[in-house]
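The primary structure of each chain is shown beneath.
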Amino acid sequence: ETIPLRGQNFDTKSCGAKESEAVFCGQNLPGAKFEAKHMTGTGGRHQRIEFGNGSVKEVMSDGTTVTTFANGDRLTLNAKDGSEEYYYSSEKIRHIKYANGKEVLRS
């Protein structure tokens, strides 16, 4: 079932639209989840999943994932370089782990 995206001002179109059109479609999933997909006319894809606990996971067209937790913390897994960044919102600190094992804390 295609339904409008919550909190967004997008025109919802059928998920079967042509590749040349921007498409926004969403569906309720089991476990109090809502999934929205966006496909641009250039073939780029973006997926957004909203969880019942307030967390939101976004998967970008390049494979990078960004998970924002209800407390404001954010986890970014960078598909390009394999790095992982966790942002602690209350302390405003970034903890970055690089693919080579190096770890950095930034405020």
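So, a few notes on the structure that sits alongside this text.

Conventions used here
- Residues numbered from 1 in each chain as written.
- Predicted model: local features only at pLDDT ≥ 70, side-chain atom pairs only at ≥ 80, totals over all residues.
- Heavy atoms only, no water.
- Helix = DSSP H or I, 4+ residues; strand = E, 2+ residues; numbered from the N terminus.
- Buried < 20%, exposed > 50% of the residue type's maximum accessible area, 1.4 Å probe, protein only.
- Contact = heavy atoms within 4.5 Å.
- Areas by Shrake-Rupley, 256 points an atom, 1.4 Å probe, with all protein chains shown as cover.
- Phe/Tyr/Trp six-rings, centres within 6.5 Å; stacked < 30°, edge-to-face > 60°.
- Salt bridge = Lys/Arg side-chain N within 4 Å of Asp/Glu carboxyl O.

Some thoughts on the overall build of the protein chain
Of the regular secondary structure elements, the protein chain holds 0 helices and 9 strands. For the protein chain, the N- to C-terminal ordering of α and β elements is β-β-β-β-β-β-β-β-β. Classification of the 107 residues of the protein chain by burial places 25% in the buried group. Across the protein chain, contacts joining residues at least 24 apart in sequence account for 7% of those joining residues at least 6 apart. In the structure as shown, the protein chain presents an accessible area of about 7000 Å², 49% of it carried by carbon and sulfur atoms.

Quick word on the packing of aromatic side chains
Taken as a whole and assessed by the stated rule, the structure comprises 2 aromatic pairs. Seen in terms of ring centroids, Tyr-86 and Tyr-88 are 4.6 Å apart; in terms of plane orientation they differ by 50°. Their pairing is tilted. Owing to a relative accessible area of 22%, Tyr-86 belongs among the partly exposed residues under this scheme. Here Tyr-88 falls in the partly exposed class, since its relative accessible area comes to 32%. Each member of the aromatic cluster is reached from another via a ring pair, and the members are Phe-69, Tyr-86 and Tyr-88.

Digging into the environment of Arg-74
With respect to the secondary-structure elements, Arg-74 resides in strand β6 (residues 74-77). The spatial distance from the C-alpha of Arg-74 to the C-alpha of Tyr-87 is 5.1 Å, given a sequence separation of 13 residues. Ignoring any residue separated from it by four or fewer positions in sequence, one finds Arg-74 in contact with Val-66, Thr-67, Thr-68, Phe-69, Glu-85, Tyr-86, Tyr-87 and Arg-94.

Topic: unusual backbone geometry
The phi dihedral of Lys-92 falls on the positive side, at around 55°, and the residue is not glycine. Note on placement: Lys-92 falls in the loop between β7 (84-88) and β8 (93-97). Given the relative accessible area of 55%, Lys-92 is considered exposed.

Observations regarding the pattern of salt bridges
Applying the stated criterion across every chain, the model contains 2 salt bridges. Asp-62 serves as the salt-bridge partner of Lys-80, at 3.9 Å between the closest nitrogen and oxygen. You can see Lys-80 sitting in the loop between β6 and β7 and its partner Asp-62 sitting in the loop between β4 (56-59) and β5 (65-68), a full 18 residues away along the chain. With a relative accessible area of 70%, Lys-80 lands in the exposed category. Under the relative-accessibility criterion, Asp-62 is labelled partly exposed at 36%. In this structure, the salt-bridge partner of Arg-94 is Glu-85, at a minimum N-O distance of 3.4 Å. In this structure Arg-94 comes out as partly exposed when scored by relative accessible area, which is 30%. Take Glu-85: its relative accessible area is 22%, and that puts it in the partly exposed class.

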